[in-house]
Amino acid sequence: MHLLFLSCLKATELIEKKIYFRLTLKQKIQLKAHKAMCSACSNYEKQSRFMDQALRHSNKPNESSADLSELKKETLAKIKNLEQN
């Protein structure tokens, strides 16, 4: 292929690489030129970013469930105190 143009396979590799590493200036230009002509790869990048963010978010501990279990403990303790009085 021409020096400036990428195949879709190479473009998707760069899209994935871009999430975790810095691209060289040449790679950035090649990817931008490819996405300007290829809506499929532009959509792929959007979907890839969305999935990456969703996976990162799902790996975080669920703070609301921790708060809920703490609230349950506090409520049960208050109920026991009321029953004892």
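This report concerns the structure included in the present document.

Analysis parameters
- Residues numbered from 1 in each chain as written.
- Predicted model: local features only at pLDDT ≥ 70, side-chain atom pairs only at ≥ 80, totals over all residues.
- Heavy atoms only, no water.
- Helix = DSSP H or I, 4+ residues; strand = E, 2+ residues; numbered from the N terminus.
- Buried < 20%, exposed > 50% of the residue type's maximum accessible area, 1.4 Å probe, protein only.
- Contact = heavy atoms within 4.5 Å.
- Axes fitted to C-alpha atoms, helices over the stretch in contact; angles between N-to-C directions.
- Parallel < 35°, antiparallel > 145°, perpendicular 65-115°, else oblique.
- Left-handed = near helix turned anticlockwise from the far one by under 90°.
- Nonpolar A, V, L, I, M, F, W, Y, C, P; charged D, E, K, R; others polar.
- Core = buried A, V, L, I, M, F, W, Y, C linked by side-chain atoms within 4.5 Å.

## Topic: the environment of Leu14
Part 1 of the reasoning: Positionally, Leu14 belongs in helix H1 (residues 8-20).
Part 2 of the reasoning: The class of Leu14 is buried, set by a relative accessible area of 2%.
Part 3 of the reasoning: Setting aside chain neighbours within four positions, we find Leu14 in contact with Leu6, Leu23, Gln27 and Leu31.

## A closer look at the packing of H1 against helix H3 (residues 39-58)
Part 1 of the reasoning: In contact at an axis separation of 10 Å, H1 and H3 are set at 30° when each is read in the N-to-C sense. Relative to H3, the element H1 is oriented roughly parallel. The crossing of H1 and H3 is right-handed. Residue-level contacts link Cys8, Ala11, Thr12, Ile15, Glu16, Lys18, Ile19 and Tyr20 of H1 to Cys41, Tyr44, Glu45, Ser48, Asp52 and Arg56 of H3.
Part 2 of the reasoning: Residue classes in the contact of H1 with H3 are distributed as 7 nonpolar, 2 polar and 5 charged.

## Observations concerning the nonpolar core
Part 1 of the reasoning: Core analysis: the biggest nonpolar cluster contains 8 residues, these being Leu6, Ala11, Leu14, Ile15, Leu23, Leu31, Cys38 and Cys41.
Part 2 of the reasoning: Setting aside anything within four residues of it in sequence, one finds Ile15 in contact with Leu31, Cys41, Tyr44, Glu45 and Ser48.

## Observations regarding the packing of H1 against helix H2 (residues 25-37)
The description of two packed helices rests on the angle between their axes and on the distance between the axes.
Part 1 of the reasoning: Closest axis-to-axis distance for the H1/H2 pair is 10 Å, and the angle between their directions is 120°. Classed by the angle they form, the pair H1 and H2 counts as oblique. H2 is crossed by H1, and the crossing has left-handed handedness. Residue-level inspection shows Cys8, Ala11, Leu14, Ile15, Lys17 and Lys18 of H1 in contact with H2, the latter providing Gln27, Leu31, His34 and Lys35.
Part 2 of the reasoning: Here the contact of H1 with H2 is built from residues that sort into 5 nonpolar, 2 polar and 3 charged.

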